[in-house]
Amino acid sequence: MPGDPSPRFSPRSLAVQALGRIDEPSRALVPPIHLSTTYIRDPDNQYRSGNCYGRPDNPSVREAEAIIAMLEAAPAAMLFGSGMSAATALFLSLEPGAHVIVPEVMYWGLRAWLVIDARAFGLLVEPVDASRPEAIAAALRPGATRLVWLETPANPLWTITDIAAVAALAHAAGALVAVDSTCATPVFTRPLALGADLVMHAATKYLNGHSDVVAGALVTAREDDLWARVRRTRTVLGQILGPLETYLLIRGMRTLDLRVRAAAASAMELALRLSDHPALAAVLYPGLEGHPGHAVAARQMVGGFGGMLSIRLRAGAAAAIATAARTRLWKRATSLGGVESLIEHRASVEGPDSPCPSDLLRLSVGIEDVEDLSADIDQALRAP
Ligand SMILES: *Cc1c(COP(=O)(O)O)cnc(C)c1O
């Protein structure tokens, strides 16, 4: 088909051109946004266009899904109205009574849903130290464990999980592996190539990259029965992303490769500079040789360690909060993965059950001049 992507081109090239698709009726380089909620039936009552109604599917959404599937080298992707809706759609598509293993260190919002709410949907949720494959091996219950959920690097300590090791263990016990790869991005890690069965992205973060869309994605290694149930869950719960947001996401993904490589290079530079800062007790970044997950990260992350790091202040929680109040270029806000750098006192967000230390500041490194970022965090840390 003319305009179809060629496997000769790299993911970076294909994403820049949104797969090179041209709108045939207009010959437009930038595809139109399909806003229609309904579609004309053929005279014989069929829907040969593949479109019937806006809640199950949308042509603009399918374009974005094709780009995300290409980025993850996957047969299919599905877009949702948020990262949380993507993740919960997967959990809600498992059979009631399913045992699921989840990390102790993970995105707090999903951890809260899993620990507090998932029980009501019949899920048995078991948190483990996911940095240790032995801990996952011990928790696996052959026949009962349906899913092992991973996040690597994991919020907010940037804990690393060996995806290939866990996939081998999980598959031997008959369980699937899903990876929240939001912070790794498809540029640095391809979980499916490492043996994972599903990948989730909070597309709100790096995929969109401009802090102006809330969106989520699931990617699958196989279009199987579970994938069909996830699609049904999205349809009946009305979790599909809107077409306007989808358009912004497609535009954001054109520069994904450039943005995340720039952010990761700056994050590495800042992590090294901050490593011997007198105000800091620790710098948590998987690119640093002293990070407990460094060896695994160096193997499974190709080309960079991501744009996220955390720092722990010697002077404690109040000093951390005061430091965040003194930055001028770093913006004091939650979220991550945008072009602008953000700083956040994470324990204030995560609540009392979080493994996040109270002296920790999470840094989402954007694409500003790294010298400006470095000077600004340094003056904030040094001020009385
Ligand atoms: C933000 C985030 C989520 C949740 O995504 P939303 O779009 O906010 O629902 C899940 N996982 C990670 C790692 C995130 O950073």
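Residues numbered from 1 in each chain as written. Predicted model: local features only at pLDDT ≥ 70, side-chain atom pairs only at ≥ 80, totals over all residues. Heavy atoms only, no water.

Can you tell me about the state of the cysteines, naming the residues and giving the values?
All chains considered together, the criterion is met by zero disulfides. With no disulfide of its own, Cys183 lies 14 Å from the sulfur of Cys356, the closest cysteine sulfur. A residue is classified by how much of its surface remains accessible, and Cys183, at 5% relative accessible area, is buried. (Disulfide = S-S within 2.5 Å. Buried < 20%, exposed > 50% of the residue type's maximum accessible area, 1.4 Å probe, protein only.)

Residues and numbers for the site of the ligand, please.
Near the ligand, the surroundings consist of 15 residues, among which Gly83, Met84, Asp180, Thr204 and Lys205 are the closest. Measuring from an oxygen atom of the ligand, one finds a side-chain N or O atom of Thr204 at 2.6 Å. A distance of 2.7 Å separates an oxygen atom of the ligand from a polar side-chain atom of Lys205. With the chains in place, 91% of the 380 Å² that the ligand exposes on its own is no longer accessible. Of all elements in the fold, only helix H3 (83-92) and strand E6 (198-202) reach the threshold of two or more residues within the shell around the ligand. A per-class count over the shell around the ligand returns seven nonpolar, five polar and three charged. (Near = heavy atom within 4 Å. Polar contact = N/O pair within 3.5 Å; in protein donor to acceptor, adjacent residues only side chain to side chain. Areas by Shrake-Rupley, 256 points an atom, 1.4 Å probe, with all protein chains shown as cover. Helix = DSSP H or I, 4+ residues; strand = E, 2+ residues; numbered from the N terminus. Nonpolar A, V, L, I, M, F, W, Y, C, P; charged D, E, K, R; others polar.)

How would you sum up unusual backbone geometry? Please name residues and give values.
For the peptide bond that leads from Thr152 to Pro153, omega is -10°, which places it in the cis range. Assignment of secondary structure puts Pro153 in the loop between strand E4 (145-151) and helix H6 (163-172). The amide bond that connects Asn155 to the next residue, Pro156, takes the cis arrangement and shows omega of -10°. By secondary structure assignment, the location of Pro156 is in the loop between E4 and H6. Positive phi outside glycine occurs at Thr185, with the angle close to 65°. Note that Thr185 resides in helix H7 (residues 185-188). We classify Thr185 as buried; its relative accessible area is 1%. Residues other than glycine seldom take positive phi values, yet Ser211 does so here, at roughly 55°.

Report on the nonpolar core, specifying residues and quantitative values.
Residues Ile68, Leu249, Leu274, Leu309 and Ile311 are the most contacted members of the largest nonpolar core, which totals 70 residues. For this core, the domains that each give at least three residues are domain 1 (11-253) and domain 2 (257-382). With near-sequence residues (within four places) excluded, Ile68 lies in contact with Ala77, Leu79, Leu207, Ala217, Val219, Leu249 and Met253. One finds Leu90, Phe91, Val100 and Leu147 within the second-largest nonpolar core, a separate group that totals 29 residues. (Core = buried A, V, L, I, M, F, W, Y, C linked by side-chain atoms within 4.5 Å. Domains from an automatic or database assignment. Contact = heavy atoms within 4.5 Å.)

Residues and numbers for the packing of H3 against helix H4 (residues 108-117), please.
Relative orientation of the contacting elements H3 and H4 amounts to 30°, with a least axis distance of 10 Å. The orientation of H3 relative to H4 falls into the category roughly parallel. Handedness of the crossing formed by H3 with H4: right-handed. Note on element contacts: H4 touches H3 through Gly109, Leu110, Trp113 and Leu114, opposite Met84, Ala87, Thr88, Phe91 and Leu92. Taken together, the residues that form the contact of H3 with H4 break down as seven nonpolar, two polar and no charged. (Axes fitted to C-alpha atoms, helices over the stretch in contact; angles between N-to-C directions. Parallel < 35°, antiparallel > 145°, perpendicular 65-115°, else oblique. Left-handed = near helix turned anticlockwise from the far one by under 90°.)

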